[in-house]
Amino acid sequence: MSRIEAAVNVTPGLMELRAARRDSRGLIVSAFVFSVVVNILMLTGPLYMLQVYDRVLGSRSEATLVALSVLVVFLFIAMGVLDHARGRVMARIGASFQAKLDRRVFEAALRRSQQAPSDAAATAAQRDLEAVQRLWASPVLLALFDIPWTPLFIAAIFIFHPWMGWLAIGGGVILVITTIMNQRLTKVPLNRANNATIAAERISDNLKAEAEVVQALGMQSAGFDRWQKARGAALTQSLAAADMGGTFSILTKTFRLFLQSAMLGLGAWLVLRGELSAGAMIAGSILMGRALAPIEMAVGQWAVVQRAQEGWGRLAELFTRMPQEQPRTQLPRPKADLEAQNLTVVPPGESYATLRMVNFRLEPGQALGVIGPSGSGKSTLARALIGAWRPAGGKVRLDSASLDQYEPDVLGSYIGYLPQRVTLFEGTIAENIARLQGQPDGLKVVEAAKKAAAHDMIVKLPDGYDTRVSALGGRLSGGQIQRIGLARAMYGDPVIMVLDEPNSNLDNEGSIALNLAIRSMKAAGCAILIMAHRPAAIQECDLLMGMEEGTRRAFGPR
């Protein structure tokens, strides 16, 4: 049993992966049929040598040689076409498998990242799926189709002479033992190399995301040293795995070449004794090379197999931990009636609750200010109200229905959320405000920007709403990013607004605009929650709730 299977019963995830694989059974059968014909045509070379040495040279018939050569050319062309076709079929099986699971893997990784941001099954999910896809497209799987023909080719060698057959079997056994040793001895180094590479990439991504802070605080050298240490560990493990795999690959290749020479030497000795013809000697050498070629291919490409096995196991773990969500009955658009009932939340990866037994109710047109010191549970409450963190106890209800009764994307369309740290995504400002919709509704985008008092700021940019931004914001200031984030939260007339420290990067003008936006959303019947430290953020609040150490300490009118 693997390490992953020992930690988690991954049977449900494995069943889901196998179901996706079964959808390509027709193509797999086609590839198998092509392999049958290709392996039969592999006999063309040995049979041609047998005929040339034993019939053509003896009869000195040029017509027979020409006829055989023309036939062989046709058969080799047919073999090449079918071999190419089965390779294309296998590549399309891999592409189909990946396309089928792309959305499932993306959604599962996204949900898992909310629960356990550093979980390798989530961070490497897309790479794991690509590793499985690459295995389908690699020659090593075609070698697995060819390996069952190895006994047939060895049997043909036995027909020529038993001693040649036993030599082929002995060589095959040694290569099989080499393959097993290769699998066992390279598995641990490859796993360590992959894990170390993921860790190094995580450090690199974090440093690049915070490049401004790294530069400003003189952390570049220290950051590089930290990354280089992780990168060095990854490189060391990769070299160890490459050295081990390369050793077995060269050993296999050298031994197979030796076997072919040994087969020729044994055949020549048998010819001298009059027990074998010259044609059978050449044909036997070619057949043995063909019989052992799939094993050599498996040894040489075993790193691809092991990486795909690792990815398959992690995907099974991910699917098991994050089962596919069942379709929910579509509910009508809710009223802005939000209620928390004995809400208790345990953050992902933690063992204790940071929010305990919180109760409140917010009606349409009301704004609730949530105040308290840092670490009092305000941001935890915000994440629970938007459905990012599921309650360990109690319920959050929107128009009497608990949040888990809504489809995630449907629930998201009813909620406007402004986190403490606003992140923009690769694309235009319009696409960011429209929540990454491929075809943003320009009127709705402008309307949301005007509500957030961001319209005038946006149109002054070189390309206005079509200005492209990155995840780091590019040329935009913190206040501009926060206004765009507020416009995104207001896009599509949400029912509930959850604003976590909404004025942390705003100047006085921005704070005034924020309060006007909150007033207009209240007038439209929206319920608003504001997590705040600054008094200016709660000027438009009707109710206040004091938080301390994850519990509600006070609640009432402002």
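Conventions and cut-offs
Residues numbered from 1 in each chain as written. Predicted model: local features only at pLDDT ≥ 70, side-chain atom pairs only at ≥ 80, totals over all residues. Heavy atoms only, no water. Helix = DSSP H or I, 4+ residues; strand = E, 2+ residues; numbered from the N terminus. Rg over C-alpha atoms; globule rule 2.2 N^0.38 Å. Buried < 20%, exposed > 50% of the residue type's maximum accessible area, 1.4 Å probe, protein only. Contact = heavy atoms within 4.5 Å. Areas by Shrake-Rupley, 256 points an atom, 1.4 Å probe, with all protein chains shown as cover. Lys, Arg positive; Asp, Glu negative; His and termini not counted. Charge placed at Lys NZ, Arg CZ, Asp CG, Glu CD. Expected span 1.5 Å × (residues − 1). Pairing = 2+ DSSP bridges. Axes fitted to C-alpha atoms, helices over the stretch in contact; angles between N-to-C directions. Patch = residues over 30% accessible without salt bridge, like charges linked within 9 Å, V, L, I, M, F, W, Y side chains within 5 Å. Salt bridge = Lys/Arg side-chain N within 4 Å of Asp/Glu carboxyl O. Core = buried A, V, L, I, M, F, W, Y, C linked by side-chain atoms within 4.5 Å. Domains from an automatic or database assignment. Parallel < 35°, antiparallel > 145°, perpendicular 65-115°, else oblique. Nonpolar A, V, L, I, M, F, W, Y, C, P; charged D, E, K, R; others polar. Polar contact = N/O pair within 3.5 Å; in protein donor to acceptor, adjacent residues only side chain to side chain. Phe/Tyr/Trp six-rings, centres within 6.5 Å; stacked < 30°, edge-to-face > 60°. Lys NZ or Arg CZ within 6 Å of the ring centre and 35° of its normal.

Novice: What am I meant to see in the overall build of the chain here?
Specialist: Helices and strands together make up the secondary structure of the chain, namely 21 helices and 12 strands. A compact globule built from 558 residues should have a C-alpha radius of gyration of about 24 Å, whereas the chain, at 33 Å, is more than 25% larger. Of all 558 residues assigned to the chain, the portion counted as buried reaches 45%. Sequence-distant contacts, at least 24 apart, represent 77% of the contacts inside the chain between residues at least 6 apart. Of the accessible surface of the chain, which amounts to about 28,100 Å², a share of 59% is contributed by carbon and sulfur atoms. With 58 positive and 47 negative side-chain charges, the chain shows a spacing of 4 Å between the two charge centroids.

Novice: How do you make sense of helix H21 (residues 508-523) when you look at a structure like this?
Specialist: Since the α-helix advances by 3.6 residues per turn, residues separated by three or four positions end up pointing in the same direction. Here H21 is 16 residues long and its end C-alpha atoms lie 23 Å apart, about the 22 Å a rise of 1.5 Å per residue gives. Within H21, burial applies to Gly510, Ser511, Ala513, Leu514, Asn515, Ala517, Ile518, Met521 and Lys522. Packed against the buried residues of H21 are strand S3 (367-371), helix H18 (442-451), helix H20 (478-490), strand S9 (496-500) and strand S10 (527-532). Gly525 lies just past H21 and shows a positive phi near 95°.

Novice: Honestly, the sheet that holds strand S12 (residues 551-557) in this entry has me stumped. Any pointers?
Specialist: In sheet architecture, strand pairing relies on hydrogen bonds along the backbone and comes in two forms, parallel and antiparallel. Spatial ordering of the open sheet is given by S6-S9-S10-S3-S11-S12, a layout of six strands whose pairing is mixed. Edge positions in the open sheet fall to strand S6 (415-418) and S12, since each of these has one partner strand only. On average, each strand axis in the sheet is inclined to that of its neighbour by 15°, with strand direction left out of account. The sheet contact formed by S9 and S10 spans five bridges and is parallel. Directly across from Asp500, in S10, lies its bridge partner Met531. Here helix H15 (residues 378-385) sits on the sheet in contact with S3, S6, S9, S10 and strand S11 (543-548), set at roughly 150° to S10. Packed on one face of the sheet, H20 meets S6 and S9 and runs near 165° to S6.

Novice: What is the right way to look at unusual backbone geometry in this model?
Specialist: As a rule of thumb, non-glycine residues mostly have phi less than zero, and peptide bonds are mostly trans rather than cis. Even without being a glycine, Met357 presents a positive backbone phi close to 50°. Tracing the backbone shows Met357 in strand S2 (residues 355-362). Look at Met357 and you get exposed, because its relative accessible area is 51%. Notably, Arg435 is not glycine yet its phi reads approximately 60°, a positive angle. Mapping Arg435 onto the fold places it in the loop between helix H17 (429-433) and H18.

Novice: In this structure, what is going on with a nonpolar patch on the surface? I would like to understand it.
Specialist: A grouping of Val29, Phe32, Val33 and Val37 is seen on the molecular surface, where their side chains present a nonpolar patch of about 320 Å² in accessible area. Relative to the elements of secondary structure, Phe32 occurs in helix H3 (residues 25-41).

Novice: Is there a simple way to think about H20 in this case?
Specialist: Taking 1.5 Å of rise per residue, the 13 residues of H20 would be expected to cover 18 Å, and the 18 Å separating its terminal C-alpha atoms lies within 8% of that figure. Counting buried positions along H20 yields 11 of 13 residues, so the element is predominantly enclosed. Of the positions making up H20, those classed as buried are Gly479, Ile481, Gln482, Arg483, Ile484, Gly485, Leu486, Ala487, Arg488, Ala489 and Met490. Residues of H20 that are buried make contact with S6, H17, H18, helix H19 (455-459), S9 and H21. Looking at the residues trailing H20, positive phi occurs at Gly492, about 80°.

Novice: What am I meant to see in the nonpolar core here?
Specialist: Residues Ile433, Ile458, Leu486, Met497, Leu499, Ile528 and Ile530 are the most contacted members of the largest nonpolar core, which totals 41 residues. Breaking this core down by element, the ones donating at least two residues are H17, H18, H19, H20, S9, H21 and S10. Looking at which element gives the most residues to this core, the answer is H20, with six residues. Ignoring sequence-local partners within four residues, the contact set of Leu486 consists of Leu418, Ala452, Met497, Leu499 and Leu514.

Novice: Help me out: how do you make sense of the domain arrangement of the chain in this one?
Specialist: How big an interface is tends to be stated in terms of accessible area lost as the parts join. If you check the domain split of the chain, you get domain 1 (10-321) and domain 2 (338-557). When each unit is reduced to the centre of its C-alpha atoms, the spacing between domain 1 and domain 2 is 51 Å.

Novice: What's the story with the packing of helix H5 (residues 62-115) against helix H7 (residues 125-137) in this structure? I'm lost.
Specialist: When two helices pack together, their arrangement is given by the angle between their axes and by how far apart the axes lie. Between H5 and H7, the least distance of the axes is 8 Å, while the angle of their chain directions is 170°. By the criterion of interaxial angle, the relationship of H5 to H7 is roughly antiparallel. Across from Met90, Ala91, Ile93, Gly94, Ala95, Phe97, Gln98, Leu101, Asp102, Val105, Phe106 and Ala109 in H5, the residues of H7 making contact are Ala125, Gln126, Leu129, Glu130, Val132, Gln133, Trp136 and Ala137. Looking at the contact of H5 with H7, its residues break down into 14 nonpolar, four polar and two charged.

Novice: Explain the sheet that holds strand S4 (residues 393-398) here, please?
Specialist: Spatial ordering of the open sheet is given by S2-S1-S4-S5, a layout of four strands whose pairing is antiparallel. Because the sheet does not close on itself, it has two edges, and the strands there are S2 and strand S5 (401-402). Docked against the sheet, H15 engages strand S1 (338-345), S2 and S4, running at close to 120° with respect to S1.

Novice: What is the right way to look at the side chain of Asp337 in this model?
Specialist: When you line up the elements, Asp337 lands in the loop between helix H14 (302-321) and S1. Taking relative accessible area as the criterion, Asp337 reaches 14% and is therefore assigned buried. A distance of 2.7 Å separates a polar atom in the side chain of Asp337 from a polar atom in the side chain of Arg361. Ignoring sequence-local partners within four residues, the contact set of Asp337 consists of Arg361, Leu362, Pro364, Arg397, Leu398 and Asp399.

Novice: Whenever I open this one, the packing of aromatic side chains confuses me. Can you help?
Specialist: For any pair of aromatic rings, geometry is given as the distance between the ring centres together with the angle between the planes. For the structure on display, the rule yields six aromatic pairs. Seen from their ring centres, Trp163 and Trp269 are 5.5 Å apart, and the 10° between their planes marks the pair as stacked. Remark: Trp269 occurs in helix H12 (residues 220-272) and Trp163 occurs in helix H10 (residues 162-209); sequence separation between them is 106 residues. For Trp163, a relative accessible area of 46% gives the class partly exposed. Here the aromatic rings of Phe255 and Phe258 are separated by 6.2 Å at their centres, their planes lie at 35°, and the arrangement is tilted. Taken together, the positions of Phe255 and Phe258, both in helix H12 and three residues apart, correspond to about one turn of that helix. For Phe258, a relative accessible area of 51% translates into the label exposed. Positioned over the ring face of Phe319 is Arg104, at 4.4 Å from the centre of the ring.

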